[in-house]
Amino acid sequence: MWMVPWFALSSLFALKKVPNYWTGKIASDERVVFFPTAASKTNTSHWQVPIHGWIFEPEIESRKRKAFIKVLGKVFKVKDKEEKKLLNQR
């Protein structure tokens, strides 16, 4: 008797946590990246253009990212403050 309401409530909670899949809205902390692609003309007035991209939330403070940036800085011998700042931004 309690299983159906509990399942229904937990499903609604799960949908509330990931609304982007259902609404198509992109959150302000997410990034959208489109990749270059080749279009083809299907007839005299229409084109077929495949669109490929990613929507993601960058993890700025992750340990993996910080370690990777540190390695990149050593490999490319980045010493200037402005270059380090640019490396961190990208």
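Structure shown above.
Numbers given to residues run from 1 along each chain, matching the order in which its sequence is written. Local features in this predicted model are restricted to residues of pLDDT 70 or higher, and side-chain atom pairs are both shown and tallied only at a pLDDT of 80 or more, whereas totals for entire chains, interfaces and linings draw on every residue. Excluded from the side-chain calculations are hydrogens and water; all other atoms, namely the structure's heavy atoms, are used.

Turning to the overall build of the protein, a few remarks are in order. Starting at the N terminus, helices and strands are each numbered in turn, a helix being any DSSP run of H or I of at least four residues and a strand any DSSP run of E of at least two. The secondary structure content of the protein amounts to four helices and four strands. Taken from the N to the C terminus, the helices and strands of the protein come in the order α-α-β-β-β-β-α-α. Whether two residues are in contact is decided by their heavy atoms: any pair within 4.5 Å suffices. Taking all contacts inside the protein whose residues are at least 6 apart in sequence as the whole, residues at least 24 apart take part in 24%. Only the protein chains shown count as covering a residue, and every accessible area follows the Shrake-Rupley method with a 1.4 Å probe. On the protein, roughly 9,000 Å² of surface is accessible, and the fraction owed to carbon and sulfur atoms is 64%.

Attention shifts here to the packing of helix α3 (residues 63-75) against helix α4 (residues 81-89). A fitted line through C-alpha atoms serves as each axis, taken over the contacting stretch for helices, and the angle formed by two N-to-C directions is quoted from 0 to 180°. Relative to each other, α3 and α4 sit at 140°, their axes nearing to 10 Å. With respect to α4, the element α3 is oriented oblique. The chirality of how α3 crosses α4 is right-handed. Facing α3, whose interface residues are R65, I69, L72 and G73, α4 presents L87, N88 and Q89. Here the term charged refers only to Asp, Glu, Lys and Arg, the term nonpolar to Ala, Val, Leu, Ile, Met, Phe, Trp, Tyr, Cys and Pro, and the term polar to all other amino acids, Gly among them. Here the contact of α3 with α4 is composed, by residue class, of three nonpolar, three polar and one charged. In this scheme, roughly parallel covers angles under 35 degrees and roughly antiparallel covers those over 145, while 65 to 115 is roughly perpendicular and the rest are oblique. What makes a crossing left-handed is the near helix being turned counterclockwise from the far one by less than a right angle; a clockwise turn instead makes it right-handed.

We now examine the pattern of salt bridges. When a carboxyl oxygen of Asp or Glu is within 4 Å of a side-chain nitrogen of Lys or Arg, the pair counts as a salt bridge. For the structure shown, the criterion picks out one salt bridge. Of the charged contacts in the structure, one is a salt bridge between E61 and K66, with a shortest N-O distance of 3.3 Å.

On to unusual backbone geometry. A negative phi angle is the norm for most residues apart from glycine, just as the trans form is the norm for most peptide bonds. Positioned with a positive phi, K77 is a non-glycine residue whose angle comes to about 50°. Position of K77 among the secondary structure elements: in the loop between α3 and α4. Partly exposed describes any residue whose relative accessible area lies between the buried limit of under 20% and the exposed limit of over 50%, with all areas from a 1.4 Å probe on protein chains only and scaled to the type maximum. K77 gets classed as exposed once you look at its relative accessible area, which sits at 65%.

Turning our eyes to something else, we now look at α3. Working rule for helices: expected span equals 1.5 Å times residues minus one. In this model, α3 (13 residues) spans 18 Å end to end at C-alpha, consistent with the 18 Å of a helix rising 1.5 Å per residue. Just past α3, the residue K77 takes up positive phi, approximately 50°.

A few words now on the environment of V33. Among the secondary structure elements, V33 is positioned in strand β1 (residues 31-34). The spacing of V33 and I55 is 22 residues in sequence and 6.5 Å in space, taken between C-alpha atoms. Dropping the residues within four chain positions of it, V33 is found in contact with H52, G53, W54 and F56.

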